[in-house]
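One letter stands for each residue in the lines below.
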Amino acid sequence: VRLDPHGFQGQDNSHFSPSGNWISWGEGGVDDAEDADVVWHEYGHAVQFAIDPSWGGGESGALGEGISDYWAASYARSVGGWTVGDYHYDWLFDWDGHNPFWSGRITNDPRTYPFGAIPIHSAGQIVSAGLMGIQGVLGREVTDRLVLKALHYLGYGVRAPDFAQAVIQADRDMYDGAHLSTLVYWLGTVKNFIDPAQYASGVDGNGTTLPGT
């Protein structure tokens, strides 16, 4: 991936280009490349397109932002610095944002699916909040692996319920469904991407018997 920390002609914006396989970081306010959260977020987009070159359509915009926010938050949480109860704990981009230049984003957004008409960066916070909730229970390594594996099941026109089901399928394939209850709670009960009742019955929407039920 080619990188340019001054790639947007002074604009305060950053971008991954799938066609050129490059990331450019913006300037203005706080230079984006100074914030590791921004670096990891944009690299998250690169990972998505590397796994699925057809990424696009459907709700892929909101999902892409949410998964990339998760990727950044996963790294940030791993290096510590803030603990539960600190007001910065659920902040994302807390150097580039949360200041007079930009409000930044958070990883504990209380909103639920469907996304409605909210912009994709806001809708992405619903996704990242669900994934960080899962990480809070399962830990970073397991959750990162589930997210990456899930991307391999997706194609053009993906919607949020497709991604949620892909995460559950990833858990079946890698962990024999050991984390089903946690995934259904955060992706279904909390965030409404899936119907928890389908999984409580022991059979999913495709008629597949679920492990651990």
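Each remark here, short or long, concerns the structure printed above.
Residues numbered from 1 in each chain as written. Predicted model: local features only at pLDDT ≥ 70, side-chain atom pairs only at ≥ 80, totals over all residues. Heavy atoms only, no water.

K.L.:
When you look at helix α5 (residues 160–175) in this model, what are you seeing that I'm missing?
P.N.:
Every α-helical turn comprises 3.6 residues, leaving residues that sit three or four positions apart pointing alike. Given a rise of 1.5 Å per residue, 16 residues ought to cover 22 Å, and the 22 Å separating the end C-alpha atoms of α5 matches this to within 8%. Taken residue by residue, α5 has A160, P161, F163, A164, A166, V167, I168, A170, D171, R172 and Y175 as its buried positions. Against the buried residues of α5 lie α2 (60–78), α3 (120–138), α4 (140–151), α6 (180–190) and α7 (196–200). Positive backbone phi, approximately 55°, marks D176, located one or two places after α5. (Helix = DSSP H or I, 4+ residues; strand = E, 2+ residues; numbered from the N terminus. Expected span 1.5 Å × (residues − 1). Buried < 20%, exposed > 50% of the residue type's maximum accessible area, 1.4 Å probe, protein only. Contact = heavy atoms within 4.5 Å.)

K.L.:
Mind showing me how you'd approach the sheet that holds strand β2 (residues 15–17) here?
P.N.:
Paired through their backbone hydrogen bonds, the strands of a sheet run either parallel or antiparallel. Taken together, the 3 strands give an open sheet; going across it, the order is β1-β3-β2, and neighbouring strands pair in mixed fashion. Sheet topology places β1 (2–4) and β2 at the edges, where each strand pairs with a single neighbour. Strand-to-strand twist in this sheet, taken as the mean axis angle between neighbours without regard to direction, amounts to 15°. Set on the sheet, helix α1 (residues 36–51) makes contact with β2 and β3 (22–24); between it and β2 the angle comes to about 25°. (Pairing = 2+ DSSP bridges. Axes fitted to C-alpha atoms, helices over the stretch in contact; angles between N-to-C directions.)

K.L.:
Which parts of the structure should I look at to understand the nonpolar core?
P.N.:
Soluble globular proteins tend to bury their nonpolar side chains together. With 46 residues, the main nonpolar core has F115, F163, L187 and F193 as its most contacted residues. Taken together, the elements giving at least two residues each to this core come down to α1, α2, α3, α4, α5 and α6. Per element, the largest residue contribution to this core is 8 residues, and it comes from α5. Those residues in contact with F115 that lie beyond four places of it in its chain are E59, A62, A123, I126, V127, A160 and F193. (Core = buried A, V, L, I, M, F, W, Y, C linked by side-chain atoms within 4.5 Å.)

K.L.:
Mind showing me how you'd approach the pattern of salt bridges here?
P.N.:
Close approach of charged atoms allows side chains with opposite charge to pair. Per the stated rule, a full pass over the model turns up 5 salt bridges. Its salt-bridge partner being R105, residue E65 comes within 4.0 Å of it at the nearest N-O pair. Within this pair, whereas E65 is found in helix α2, its partner R105 is found in strand β5 (residues 105–106), the two being separated by 40 residues in sequence. The exposure class of R105 is buried, given its relative accessible area of 9%. Between R77 and D90 there is a salt bridge, with its nearest N and O atoms 3.5 Å apart. Of this pair, R77 sits in helix α2 while D90 sits in the loop between α2 and β4 (91–92), and the two are 13 residues apart along the sequence. Among the charged side chains, a salt-bridge network with shared partners connects E65, D69 and R105. (Salt bridge = Lys/Arg side-chain N within 4 Å of Asp/Glu carboxyl O.)

K.L.:
Can you walk me through a nonpolar patch on the surface in this structure?
P.N.:
Together, V1, L3 and Y43 make up an exposed nonpolar region whose accessible area comes to about 310 Å². Its relative accessible area of 56% is what places L3 among the exposed residues. (Patch = residues over 30% accessible without salt bridge, like charges linked within 9 Å, V, L, I, M, F, W, Y side chains within 5 Å. Areas by Shrake-Rupley, 256 points an atom, 1.4 Å probe, with all protein chains shown as cover.)

K.L.:
Before we go on, may I ask you to explain the packing of α2 against α3 in this structure?
P.N.:
Relative orientation and spacing of two packed helices are given, respectively, by the angle between their axes and the distance between those axes. One can describe the packing of α2 onto α3 by two numbers: an axis separation of 7 Å at closest approach and a directional angle of 45°. Considered as vectors, α2 and α3 are oriented oblique to each other. In this structure, α2 meets α3 at a crossing whose hand is right-handed. Counting all contacts with α2, which are made through G61, A62, L63, E65, G66, I67, D69, Y70, A73, S74 and R77, the residues of α3 involved are I120, H121, A123, G124, Q125, V127, S128, L131, M132 and Q135. Residue classes in the contact of α2 with α3 are distributed as 10 nonpolar, 8 polar and 3 charged. (Parallel < 35°, antiparallel > 145°, perpendicular 65-115°, else oblique. Left-handed = near helix turned anticlockwise from the far one by under 90°. Nonpolar A, V, L, I, M, F, W, Y, C, P; charged D, E, K, R; others polar.)

K.L.:
Explanation requested: the packing of α5 against α6 in the structure shown.
P.N.:
In the contact formed by α5 and α6, the axes pass within 10 Å of each other and the chain directions differ by 170°. Of the possible angle classes, the one that applies to α5 and α6 is roughly antiparallel. Taken together, the residues of α6 that come into contact with α5 (itself represented by A164, V167, I168 and D171) are L180, L183, V184 and L187. Split into classes, the residues belonging to the contact of α5 with α6 amount to 7 nonpolar, no polar and 1 charged.

On their own, these measurements won't tell you what the molecule is for.
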